[in-house]
Amino acid sequence: MSKYDRVITDKYGNQATVDVYDVLKAFEVTCPALQHLTKKSLCAGIRGHKTLAVDLQDIHDSSIRAIQLNNRERK
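Scoring rules and cut-offs
Residues numbered from 1 in each chain as written. Predicted model: local features only at pLDDT ≥ 70, side-chain atom pairs only at ≥ 80, totals over all residues. Heavy atoms only, no water. Helix = DSSP H or I, 4+ residues; strand = E, 2+ residues; numbered from the N terminus. Buried < 20%, exposed > 50% of the residue type's maximum accessible area, 1.4 Å probe, protein only. Lys, Arg positive; Asp, Glu negative; His and termini not counted. Salt bridge = Lys/Arg side-chain N within 4 Å of Asp/Glu carboxyl O. pLDDT = per-residue confidence, 0-100. Pairing = 2+ DSSP bridges. Contact = heavy atoms within 4.5 Å.

> Would you explain the side chain of D5 in this entry?
Here D5 lies in the segment before β1 (6–9). In this structure D5 is buried but unpaired, with R6 as the nearest side chain of opposite charge at 7.2 Å.

Quick look at the structure:
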């Protein structure tokens, strides 16, 4: 099991092991900056090598980058 794997239970009690990449695919998140932001948000402060404050700054930076990328696509 990787550090991104989680056991989830649906409303019927069925369990499945998923990772953040399964979630990104299920929600069709295709923007790389949003993918990074989501991964950081789901694991903020719990991965062991960065503090919550550092992860929150990374999330903020990824948000700005996502805005830049999406504004570029609209032009």
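After presenting the structure, the write-up continues.
> I would appreciate a short explanation of the pattern of salt bridges in the present structure.
A side chain with one charge may pair with a side chain of the opposite charge, provided their charged atoms come close. All told, the structure shown has three salt bridges when counted by the stated rule. Of the charged contacts, one joins K40 and D55 as a salt bridge, the two residues approaching to 3.6 Å between their closest N and O atoms. Pair noted here: K40 is in helix α2 (residues 32–42) and D55 is in helix α3 (residues 52–74), with a separation of 15 residues, a long-range link. The exposure class assigned to K40 is buried, which follows from its relative accessible area of 4%. A salt bridge links D58 to K50, with the shortest nitrogen-to-oxygen separation between them at 3.1 Å. Relative accessible area serves as the criterion here: at 18%, D58 is assigned to the buried category. What makes K50 partly exposed here is its relative accessible area of 32%.

> Help me understand the confidence of the model for the chain, please; the structure alone is not making it clear to me.
Do not read the fine detail of predicted coordinates wherever pLDDT is low. Looking at the chain as a whole, the pLDDT averages 90, with 96% of positions reaching at least 70. Confidence, read as mean pLDDT per element, is least for α3 in the chain (90) and greatest for strand β2 (residues 15–18) (96).

> Mind showing me how you'd approach the environment of S62 here?
Relative to the assigned elements, S62 resides in helix α3. With relative accessibility at 8%, the residue S62 sits in the buried group. As a C-alpha pair, S62 and A33 span 29 residues in sequence and 5.3 Å in three-dimensional space.

> Any chance you could explain the pairing of β1 here in plain terms?
Where a strand is regular, its side chains alternate between the two sheet faces. Relative to β2, β1 is paired through four bridges, and the arrangement is antiparallel. Across the sheet, the residue bridging to T9 is Q15, located in β2. Hairpin geometry of β1 and β2 is characterised by an intervening segment of five residues between the two adjacent antiparallel strands and by a positive phi of about 90 degrees at G13.

> It is not clear to me how the environment of V7 should be interpreted in this structure. Could you clarify?
With respect to the element layout, V7 can be found in strand β1. Expressed as a C-alpha distance, the spacing of V7 and L24, which sit 17 residues apart in the sequence, is 16 Å. Contacts of V7, omitting those with residues within four sequence positions, involve Q15, A16 and T17.

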